[in-house]
Amino acid sequence: MLLSTGLSADQSRGDILALGDAIAASGGGNEELQRMAVNLQQIKNVGKASALDIKQFAYAGIDIYGLLADSMGITRAEASKLDVTYDMLSDALKLASSEGGKYYGAMEKQSKTYNGAMSNLSESIDVLKGRLAEGLFNAVAKLIPKLTELFDWLGKNSDIIISIAVPILTFINVISGM
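For clarity, every value in this text was computed on a predicted model and none was experimentally measured. (Residues numbered from 1 in each chain as written. Predicted model: local features only at pLDDT ≥ 70, side-chain atom pairs only at ≥ 80, totals over all residues. Heavy atoms only, no water.)

**Student:** Looking at this model, I keep getting lost on the pattern of salt bridges. Mind explaining?
**Tutor:** When their charged atoms lie close together, side chains carrying opposite charge are able to pair. Under the criterion given, the structure shown has four salt bridges. Asp 15 serves as the salt-bridge partner of Lys 94, at 3.0 Å between the closest nitrogen and oxygen. With Lys 94 in helix 6 (residues 86-97) and Asp 15 in helix 1 (residues 9-25), this pair connects stretches of sequence that are 79 residues apart. Linking Arg 76 and Asp 63 is a salt bridge whose minimum nitrogen-to-oxygen distance equals 3.0 Å. Taken together, the residues span a long stretch of sequence, with Arg 76 in helix 5 (residues 76-79) and Asp 63 in the loop between helix 3 (51-59) and helix 4 (64-72) at a distance of 13 residues. Residue classification places Arg 76 among the partly exposed residues on the basis of a relative accessible area of 44%. The partly exposed category is assigned to Asp 63, whose relative accessible area is 28%. (Salt bridge = Lys/Arg side-chain N within 4 Å of Asp/Glu carboxyl O. Helix = DSSP H or I, 4+ residues; strand = E, 2+ residues; numbered from the N terminus. Buried < 20%, exposed > 50% of the residue type's maximum accessible area, 1.4 Å probe, protein only.)

**Student:** Explanation requested: helix 2 (residues 30-46) in the structure shown.
**Tutor:** An α-helix turns once per 3.6 residues; consequently, residues spaced three or four apart project the same way. Taking 1.5 Å per residue, 17 residues should reach 24 Å; helix 2 reaches 24 Å between its end C-alpha atoms and fits that length. Along helix 2, the residues classified as buried are Leu 33, Met 36, Ala 37, Asn 39, Leu 40, Gln 41 and Ile 43. Elements in contact with the buried residues of helix 2: helix 1, helix 3 and helix 6. Backbone geometry just downstream of helix 2 places Gly 47 in the positive-phi region, at approximately 110°. (Expected span 1.5 Å × (residues − 1). Contact = heavy atoms within 4.5 Å.)

**Student:** What's the story with the packing of helix 1 against helix 2 in this structure? I'm lost.
**Tutor:** How two helices pack is summed up by the angle between their axes together with the distance between the axes. Where helix 1 contacts helix 2, the two axes come as close as 10 Å, and the packing angle between them is 135°. Here helix 1 lies oblique to helix 2, going by the angle between them. By crossing handedness, the relation of helix 1 to helix 2 is classed as right-handed. Of the residues in helix 2, those touching helix 1 at Ile 16, Leu 19, Gly 20 and Ile 23 are Glu 32, Leu 33, Met 36, Ala 37 and Leu 40. Residues belonging to the contact of helix 1 with helix 2 are distributed by class as follows: seven nonpolar, one polar and one charged. (Axes fitted to C-alpha atoms, helices over the stretch in contact; angles between N-to-C directions. Parallel < 35°, antiparallel > 145°, perpendicular 65-115°, else oblique. Left-handed = near helix turned anticlockwise from the far one by under 90°. Nonpolar A, V, L, I, M, F, W, Y, C, P; charged D, E, K, R; others polar.)

**Student:** What is the right way to read a nonpolar patch on the surface from this model?
**Tutor:** A contiguous nonpolar surface patch, about 690 Å² in accessible area, is contributed by Ile 160, Ile 164, Ile 168, Leu 169, Phe 171, Ile 172 and Ile 175. Looking at where Ile 160 falls in the secondary structure, it is placed in helix 9 (residues 158-177). (Patch = residues over 30% accessible without salt bridge, like charges linked within 9 Å, V, L, I, M, F, W, Y side chains within 5 Å. Areas by Shrake-Rupley, 256 points an atom, 1.4 Å probe, with all protein chains shown as cover.)

**Student:** Honestly, the nonpolar core in this entry has me stumped. Any pointers?
**Tutor:** Across soluble globular proteins, you tend to see nonpolar side chains buried next to one another. Leu 19, Phe 57, Ile 62, Ile 64, Leu 68, Val 84 and Leu 89 are the most contacted members of the largest nonpolar core, which totals 30 residues. When residues of this core are traced back to their parent elements, those giving at least two are helix 1, helix 2, helix 3, helix 4 and helix 6. Sorting elements by how many residues they give to this core places helix 6 first, with six residues. Apart from residues lying up to four places away in sequence, Ile 62 is in contact with Leu 19, Ala 22, Ile 23, Phe 57, Leu 67 and Tyr 103. (Core = buried A, V, L, I, M, F, W, Y, C linked by side-chain atoms within 4.5 Å.)

Structure below.
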């Protein structure tokens, strides 16, 4: 989503990881992360955060004004008066998820909990299912032309097939009757 806003892959990855630490620290999961990633995308596209964007972060347990105050060395009240840009928000999230920050290592810690481990297991199973489905699809895709050729050949040679199949089936019927 962030790549679509013109950010580089490295910056998008860094921003999503920082957001993931914030979500994990606030007890959220994949659903909140996806919702907040969409929120970040909107902020980047519009150029600044709206009051609704700030509320969405608050609903996810992330105090944007507190993060901005910490990263900019100002008070929370001063931060609440700012037009919050994507870059300001990105910097604040990255600072909070860096070593010594309030969200540092939160995703790693969450992955070691029972719920985190179950979530990781579920994601691994989903990846495996996707790879198996892709492999099956590729195998079937390769098989379809061969089956088409076979049925085309059978259709073109049906007289020969019938002339061979009828005596063989008759013989099998006679033998099975004995």
